[in-house]
Amino acid sequence: DISNGTIREVEATLSTPRLSLVATSTPAAYERYVHSVFRLPQSTKLIMLREMTPAETFNLMRHRKAFFERTHGTKIKEAAMRSACLLSAKFSHRHLPESAFELMQEACRHVARNSFGTICTVTAIDVAEVVSTWTTIGVSEILRETDALIAKDRSFASKRRTSTITLNPHVIHMTIMN
């Protein structure tokens, strides 16, 4: 629960005439920790953000790939990132993208622990091994589940997605490749 010092600090922040942000991970957490404890002004707006999809999380993780590799001294295959996004959505109690990042961090640590100073590659099998320790489901079953999830989720059907935006055919033509 919330300490008295935290309550005083939040109340002081909310009483100042500046933009303040109070964030929680779920509507239930908002009700429990914010709404029931603090008297928020009438002008307060509740903004609900939806959880990211596995495909959106995958795109975000692709941008964070270099950070993971540098931090853990590993290389990461795209299949490992794809597996982390899909499996964390299915087996983790946390929300995307946080759960996928946590799973990828753990897979990188797992590989780095067993690398003995050499740069190793994180694969979908390594991700499945971590999920197996979390769930006690066998690695082969998790790999079958990953294949089924990839087949079901069309956003992972191709490795590279392309979209074209035409703002004005005479002036600008932009192609975005993810």
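That block above? That's the structure.
Since the structure is predicted, the reported quantities are computational estimates derived from the model, not experimental observations.

Help me out: how do you make sense of the overall build of the protein chain in this one?
On a plain count of helices and strands, the protein chain comes out with seven helices and four strands. Within the span of the protein chain, comprising 178 residues, buried residues form 28% of the whole. Considering only contacts in the protein chain between residues 6 or more positions apart, those separated by 24 or more positions represent 56%. A total accessible area of about 12,000 Å² is found for the protein chain, and carbon and sulfur atoms account for 55% of it.

It is not clear to me how the packing of helix H5 (residues 98-113) against helix H6 (residues 124-135) should be interpreted in this structure. Could you clarify?
Two numbers describe a pair of packed helices, the interaxial angle and the distance between the axes. Close contact between H5 and H6 brings their axes to 9 Å; oriented N to C, the two are set at 105°. Relative to H6, the element H5 is oriented roughly perpendicular. Residue-level contacts link Glu102, Leu103, Met104, Glu106, Ala107, His110 and Val111 of H5 to Asp126, Val127, Glu129, Val130, Val131 and Trp134 of H6. Per-class residue counts for the contact of H5 with H6 are eight nonpolar, one polar and four charged.

Just checking my understanding: could you explain the environment of Asp153 for this structure?
Relative to the assigned elements, Asp153 resides in the loop between helix H7 (139-152) and strand E3 (162-168). A sequence separation of 98 residues divides Asp153 from Ala55, and the C-alpha atoms of the two residues are 8.5 Å apart. If we skip the residues at most four places from it in the chain, Asp153 touches Pro54 and Leu86.

What is the right way to read the pattern of salt bridges from this model?
A side chain of one charge can pair with a side chain of the opposite charge if their charged atoms are brought near each other. Applying the stated criterion across every chain, the model contains eight salt bridges. The closest approach of N and O atoms between Arg144 and Glu141, which form a salt bridge, is 2.8 Å. With Arg144 and Glu141 both in helix H7 and three residues apart, the pair spans about one turn of that helix. Salt bridges sharing partners connect three or more residues here, namely Arg62, Glu78 and Arg82.

About the thresholds
Residues numbered from 1 in each chain as written. Predicted model: local features only at pLDDT ≥ 70, side-chain atom pairs only at ≥ 80, totals over all residues. Heavy atoms only, no water. Helix = DSSP H or I, 4+ residues; strand = E, 2+ residues; numbered from the N terminus. Buried < 20%, exposed > 50% of the residue type's maximum accessible area, 1.4 Å probe, protein only. Contact = heavy atoms within 4.5 Å. Areas by Shrake-Rupley, 256 points an atom, 1.4 Å probe, with all protein chains shown as cover. Axes fitted to C-alpha atoms, helices over the stretch in contact; angles between N-to-C directions. Parallel < 35°, antiparallel > 145°, perpendicular 65-115°, else oblique. Nonpolar A, V, L, I, M, F, W, Y, C, P; charged D, E, K, R; others polar. Salt bridge = Lys/Arg side-chain N within 4 Å of Asp/Glu carboxyl O.

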